[in-house]
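Structure at a glance
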Amino acid sequence: FITTDLLLDESKVLELGYNASLNIPPGKVAAAFRTTQIRAVAGAIQNGDFVDILISYWMLDTEEEAAPREGEGEEEAAPQSQILLAQLLLQDVEVLRVGPWAGVATPPEELPEEGSEEATPEEEEGEPELQPVAPEAQVVLTLLLDQQDALVLKFASESGASIDLVLRGLEDHD
């Protein structure tokens, strides 16, 4: 429960994953985006990072003329070829959060087994050991977008296009 003399640390609220709406600036919306670790820079993306979103998709080649085929009484058009297109879909998108928000249940396969003897990084002496990234492991990113960009991302996601994220440098916002 909250009292009038309680000091609220906004960065702690975000870190703990409570009340996402406190962290959305005016004119932006928060959109959840599900992807895999490998498509999200092998797990390197962190809260507060900026990413570019790339898309690739197949499109019919309309420049190629369809020559009629000789058939039995009917003319058929030759099959049209497809070309693979790739482009920058969205640029300089802020990542509000990596992973689920507080209060979201953890899937059973991600919970540690009871009685496991594995030490946590805090319990180990020295530097924590890097864990391998499962390339196809699912990750959910909460992205800050304007409403039109949220619609563009929704369309791209639902159209079956291949979507990848690339991490921008810390001070690279051009």
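Just above, that's the structure.
Before going into details, it helps to say that this report is about the structure given with it. Remember, it's a predicted structure, so these values are computed and weren't measured experimentally.

On to the nonpolar core. Ranked by internal contacts, the top residues of the largest apolar core, which has 21 residues, are I53, L143, L145 and L153. Those elements giving two or more residues to this core turn out to be strand 1 (29-36), strand 2 (50-60), strand 5 (82-98), strand 6 (138-145), helix 2 (147-158) and strand 7 (162-167). Apart from the residues lying within four places of it in its own chain, the contact partners of L153 are F33, I53, L89, L90, L143, L145 and I163.

Take the sheet that holds strand 2 next. Spatially, five strands are ordered 1-6-5-2-7 in an open sheet, and the strand pairing comes out antiparallel. The open sheet is flanked by strand 1 and strand 7, the only strands paired with a single partner. When strand polarity is set aside, the average angle formed by the axes of neighbouring strands in this sheet is 40°. By the bridge criterion, six bridges tie strand 2 to strand 7 in an arrangement that is antiparallel. Note on strand 7: the bridge partner recorded for V51 is L167. Here helix 2 sits on the sheet and contacts strand 1, strand 2, strand 5, strand 6 and strand 7; the angle it forms with strand 5, its principal contact strand, is near 130°.

Another point: the pattern of salt bridges. Taken as a whole and judged by the stated rule, the model has five salt bridges. Among the ionic pairs, R168 bridges to D172, the shortest N-O distance being 3.3 Å. The exposure class of R168 is buried, given its relative accessible area of 10%. Residue D172 is classed as partly exposed on the basis of its relative accessible area, which comes to 35%. Look at the salt bridges and you will find they share partners, linking D52, D92, R168 and D172 into a network.

What counts, and where the lines are drawn
Residues numbered from 1 in each chain as written. Predicted model: local features only at pLDDT ≥ 70, side-chain atom pairs only at ≥ 80, totals over all residues. Heavy atoms only, no water. Core = buried A, V, L, I, M, F, W, Y, C linked by side-chain atoms within 4.5 Å. Buried < 20%, exposed > 50% of the residue type's maximum accessible area, 1.4 Å probe, protein only. Helix = DSSP H or I, 4+ residues; strand = E, 2+ residues; numbered from the N terminus. Contact = heavy atoms within 4.5 Å. Pairing = 2+ DSSP bridges. Axes fitted to C-alpha atoms, helices over the stretch in contact; angles between N-to-C directions. Salt bridge = Lys/Arg side-chain N within 4 Å of Asp/Glu carboxyl O.

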